[in-house]
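Commentary on secondary and tertiary structure
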Amino acid sequence: MPDLTRLSKRVQGFTESVIREMTRVVAQHGGVNLAQGMPNFPPPQALVEAAHRALDGDFHQYAITWGAPNLRAAIAEKYRRFYGMDVDPERNVTVCCGSTETMLSTLLAVLNPGDEVIIFEPFYENYGPGCIISGAEPVWIPLEGRDFTFDPDRLRGAVSPRTRAIVFNSPNNPSGKVFSREELEVIADVCRRHDLLAITDEIYEHIVYDGEVHVPIATLPDMAERTITISGISKSYSVTGWRVGYAVAPPEISDGIRRAHDFVTVGAPAPLQEAAVTALRFPDSYYVTLRTAYQARRDLLLGYLERAGFVCNRPRGAYYILTDVAHFMDRYGIQDDTAFAMWLIRECGVATVPGSSFYAHGDLGRAKIRFCFPKTDDMLRDAGERLQKLS
Ligand code: GLN
């Protein structure tokens, strides 16, 4: 056991991200990695060419710490184009290193030690450590049932005098839930009534299925003044390694995010910010193709999983399928989700993420594992065929 006493209390409780651990383990064993959610196909050629041009140009030194002006202008323009949002690039937009850093800088900007933050679970694994780093305490609200809905009274009842914000991710990783307008109204109502901030991770905004529509909560009445809308280029343009994300927030909160961000990373990569402008200006048809391609991948993997006997939740958005594996665990005498995920790597050569990574109450994820599908058909078929061993 390593000696942890030389580490801060803050990080002593952190363990390696299970998502990245699974990527490492499958690389050792060999097999198909449906754990860490990242495409195995190239980004749009026009975007890669834009990056080449930026590298050949004069974009080698720091950009303005809170984002290159032309990128902030493109972000503001895109929010107007898609959602009719009135975004001022000078006062509302901050560019960070991926939406993960954007979330962290946001939490650092608005939370004090002792504050409480309401987070829906299952949740994307970074939000917990993000709160701990900020000294705040997460208060968890379960998303339950096949549709991952929440009980409005439970949400209202979770608010205390120390509550400062509600954090959620829609479309949701790992459940594939897309918060409906009615649900957003309930959250907005709680925010307005108790003067809370809504902090939303909307990184999968363009990946929605079956005619589903993504609604930013910032577009609801009186919510722009109390919402931090976080997104980025990773998922919409298949460049998860570029680390360009951003927040749209009211001016005084943008100022706070910029202060935190400045001391955390100084700035996102300048040439990639320049290239991102090209992506944000892609025509509407780009997003139709993106959605259609992801829906086909979803259907392909879902078919294999169901034939293999997994109990699947059909995602409405994002690129993950959360499955229930309780019956497999019973059949093969496996104790929990982590053991099951390890077993699946050994037995079938397919890496997934154990469900408990997405729950504060690990028991809720004990019989679940998550598959991701931002993969080419041949890779999804390979994984799908391997899993038929279980059927
Ligand atoms: N967002 C991706 C996922 O959920 C990758 C995250 C990560 O590397 N932790 O798989």
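Now for a quick tour of the structure. What you are looking at is a predicted structure, and each value in this text was computed from that prediction instead of being measured.

Thresholds applied
Residues numbered from 1 in each chain as written. Predicted model: local features only at pLDDT ≥ 70, side-chain atom pairs only at ≥ 80, totals over all residues. Heavy atoms only, no water. Pairing = 2+ DSSP bridges. Helix = DSSP H or I, 4+ residues; strand = E, 2+ residues; numbered from the N terminus. Contact = heavy atoms within 4.5 Å. Axes fitted to C-alpha atoms, helices over the stretch in contact; angles between N-to-C directions. Phe/Tyr/Trp six-rings, centres within 6.5 Å; stacked < 30°, edge-to-face > 60°. Buried < 20%, exposed > 50% of the residue type's maximum accessible area, 1.4 Å probe, protein only. Lys NZ or Arg CZ within 6 Å of the ring centre and 35° of its normal.

**Focus: the sheet that holds strand β10 (residues 320-324)**
- The four strands lie next to each other as β9-β10-β13-β12, forming an open sheet whose pairing is antiparallel. Where the open sheet ends on each side, the last strands, each with one partner, are β9 (311-312) and β12 (353-354).
- Sheet topology note: the β10/strand β13 (residues 368-372) ladder contains five bridges and is antiparallel. Of the residues in β13, the one forming a bridge with Tyr320 is Cys372.
- Contacts from helix α11 (residues 284-308) reach β9, β10 and β13 within the one sheet, and its direction differs from that of β10 by about 15 degrees.
- Packed on one face of the sheet, helix α13 (residues 337-348) meets β12 and β13 and runs near 45 degrees to β13.

**As for the packing of aromatic side chains**
- On inspection of all chains with the given rule, the structure shows 27 aromatic pairs.
- Here Phe41 and Tyr294 contribute two aromatic rings whose centre-to-centre distance is 6.3 Å and whose plane-to-plane angle is 55 degrees, an arrangement assigned as tilted. One end of the pair, Phe41, is in the loop between β1 (32-33) and α3 (45-56); the other, Tyr294, is in helix α11, with 253 residues separating them in the sequence. Like Tyr294, Phe41 is buried.
- Look at Tyr332 and Trp343: their rings are 4.6 Å apart centre to centre, the planes differ by 35 degrees, and that puts the pair in the tilted class. Taken together, the positions of Tyr332 in helix α12 (residues 326-332) and Trp343 in helix α13 put the pair 11 residues apart, joining distant regions of the chain.
- Under the relative-accessibility criterion, Tyr332 is labelled partly exposed at 33%.
- Among the aromatic residues, ring-to-ring pairing joins Tyr79, Phe82, Tyr83, Tyr237, Tyr246, Phe282, Tyr286 and Tyr287 into one connected group.
- Note that Lys177 overlies the ring of Phe179, its terminal NZ or CZ placed 4.8 Å from the centroid.
- Positioned above the aromatic ring of Tyr294 is the side chain of Arg297, whose terminal nitrogen or guanidinium carbon lies 4.6 Å from the ring centre.

Read these as spatial facts, not as claims about activity.
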